[in-house]
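Tertiary structure, described
Listed below are the residues making up each chain.
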Amino acid sequence: MYTSRSCPHCVRLKHKLRRTGLVWHEIDIENDSAAADYVRGVNNGNQTVPTVVFSDGTIATNPSLEQVLAIAAQARCHSSSVNDVGGQQMYPSDLCVTNSTFVDDLATMLLPWVMRLTAAGHLVVWTLVLALSATGTVHKVPHWLFRMTVWGSHSADAVQVMLACVYLAWAVFLWIAARNPAGNRLFIDFSIAANLAHFGGMGVMAVYMHGEHHHMYGDVLAGLLAVAPLAAVWLPVRRHLPPGLSAQPALTIQPNERKT
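Just so it is clear, the model here is predicted, and its values are computed rather than measured.

Cut-offs applied
- Residues numbered from 1 in each chain as written.
- Predicted model: local features only at pLDDT ≥ 70, side-chain atom pairs only at ≥ 80, totals over all residues.
- Heavy atoms only, no water.
- Helix = DSSP H or I, 4+ residues; strand = E, 2+ residues; numbered from the N terminus.
- Buried < 20%, exposed > 50% of the residue type's maximum accessible area, 1.4 Å probe, protein only.
- Contact = heavy atoms within 4.5 Å.
- Areas by Shrake-Rupley, 256 points an atom, 1.4 Å probe, with all protein chains shown as cover.
- Axes fitted to C-alpha atoms, helices over the stretch in contact; angles between N-to-C directions.
- Parallel < 35°, antiparallel > 145°, perpendicular 65-115°, else oblique.
- Left-handed = near helix turned anticlockwise from the far one by under 90°.
- Nonpolar A, V, L, I, M, F, W, Y, C, P; charged D, E, K, R; others polar.
- Patch = residues over 30% accessible without salt bridge, like charges linked within 9 Å, V, L, I, M, F, W, Y side chains within 5 Å.
- Salt bridge = Lys/Arg side-chain N within 4 Å of Asp/Glu carboxyl O.
- pLDDT = per-residue confidence, 0-100.
- Expected span 1.5 Å × (residues − 1).
- Bend = angle between axes of the 7 residues up to and from the residue.
- UniProt positions renumbered as here; feature names shortened; annotations may be inferred.
- Phe/Tyr/Trp six-rings, centres within 6.5 Å; stacked < 30°, edge-to-face > 60°.

Before going further, it helps to examine the overall build of the protein chain. In terms of helices and strands, the protein chain carries eight helices and eight strands. The burial tally for the protein chain puts 40% of its 260 residues in the buried class. In the protein chain, once contacts between residues fewer than 6 apart in sequence are set aside, the share between residues at least 24 apart is 64%. Within the structure as shown, the protein chain displays about 14100 Å² of accessible surface, and the carbon and sulfur contribution to it stands at 63%.

In structure tokens, the structure reads:
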């Protein structure tokens, strides 16, 4: 990406790009006369920045963030494997599915939103659980809700407080991970597996513990239903991700080689 220190549009675009987790190579045309010549050459003699050159050779002058993301995704969809461009490795888009079906495309589109919705739901529920458990006011909730969510007869439960703190922290990180799902592949795998293990274990307890069978259609069912949408949209996307993608940059934007 060709930029200039005195260009407010460059500063604004770089700030927005940093929030996406994307990676790019920057050249300041004020310190590189050859770069300035290149920018003028591709912009009809105008020294307009930012000028972004993508891996497939596409050039965008003063693009918006949405345009950068759209062009970058399209450029990276052209390759289903790791390529070498200008001496640097280029990776397929983190959410670019090649040879995809309608279900794959739908899952790719919905995944970030489902992650955020799941995170928001857990933030609301576990904040309420934390407040009620820590203050000993669980008994004030409706009796039917108390029976389906509270194990035993205690109105204040230290275990519930600890669980609430863990789930609140997890929900925050899930929300952040929605910015780059493929880059957080291991975290999403863990999130689904841990929730299935947690609520699956609770289901076993509900079956074998005397007087706790009602939890099967209470918090056990609610927990499994909460993780089901995330698993449903993540698995179609995950099976198309190349091995080791989570350890690689989500995107590289770099200039073409220019002759000096």
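A word on the packing of helix H7 (residues 185–208) against helix H8 (residues 219–238). Their axes nearest at 9 Å, the elements H7 and H8 cross at an angle of 150°. Overall, the two elements H7 and H8 adopt an arrangement that is roughly antiparallel. The interaxial crossing formed by H7 with H8 has left-handed handedness. Between H7 and H8, the residues in contact are Arg185, Ile188, Asp189, Ile192, Asn195, Leu196, Phe199, Met202 and Gly203 and Asp219, Val220, Gly223, Leu224, Val227, Leu230, Ala231, Trp234 and Arg238, respectively. Classifying every residue of the contact of H7 with H8 gives 11 nonpolar, three polar and four charged.

Quick look at a nonpolar patch on the surface now. On the surface, Val204, Val207, Tyr208, Met216, Tyr217, Leu221 and Leu225 cluster together to form a nonpolar patch covering roughly 770 Å² of accessible area. If you list the elements that add at least two residues to the nonpolar patch, you get H7 and H8. Ranked by residues supplied to the nonpolar patch, first place goes to H7 with three residues. Its place among the elements puts Val204 in helix H7.

Below, the discussion takes up the confidence of the model for the protein chain. Scored by pLDDT, the protein chain comes out at a mean of 75, with 71% of its residues at no less than 70. Here residues 78–99 is modelled with pLDDT under 50, and outside its nearest four sequence neighbours on either side it reaches 52 contacts, counting other chains as well. Here residues 243–260 is modelled with pLDDT under 50, and outside its nearest four sequence neighbours on either side it reaches 58 contacts, counting other chains as well.

If you check H8, its first and last C-alpha atoms are 28 Å apart, about what 20 residues at 1.5 Å a residue would give, namely 28 Å. Taken as a whole, H8 carries its principal kink of about 25° at Ala228; the proline Pro229 stands between one and four residues after it. Those residues of H8 that fall on the buried side of the exposure criterion are Asp219, Val220, Gly223, Val227, Leu230, Ala231, Val233, Trp234, Pro236 and Val237.

What follows concerns the UniProt feature "transmembrane region" (unreviewed entry) in the protein chain. The UniProt record marks residues 119–138, 158–178, 190–210 and 216–237 with the feature "transmembrane region" (unreviewed entry), using the residue numbering of this structure. The span residues 158–178 is 95% helical and 0% strand by assignment, and the distance between its end C-alpha atoms comes to 31 Å. In residues 190–210, helix accounts for 90% and strand for 0%; the two terminal C-alpha atoms are 31 Å from one another.

Here we come to the packing of aromatic side chains. Summed over all chains, the structure comprises three aromatic pairs. Ring plane angle 5° and centroid distance 4.6 Å describe the contact between Trp126 and Tyr167, whose orientation is recorded as stacked. Separated by 41 residues along the polypeptide, Trp126 in helix H4 (residues 102–135) and Tyr167 in helix H6 (residues 158–177) bring together distant segments of the chain. Of the two residues, Trp126 and Tyr167, both sit in the buried class. Geometrically, the ring pair formed by Tyr167 and Trp170 is edge-to-face, given 5.8 Å between the ring centres and 85° between the ring planes. Separated by three residues within a single helix, Tyr167 and Trp170 lie in helix H6, roughly one turn from each other. By relative accessible area, Trp170 is classed as buried at 10%. Following the ring pairs from residue to residue traces out a cluster consisting of Trp126, Tyr167 and Trp170.

This part takes up the environment of Thr58. Within the secondary structure layout, Thr58 lies in the loop between strand S4 (51–53) and strand S5 (59–61). Thr58 sits 14 residues away from Ala72 along the chain, and the two C-alpha atoms are 9.0 Å apart. The residues touching Thr58, leaving out its near neighbours within four places in the chain, are Val52, Val53 and Ile71.

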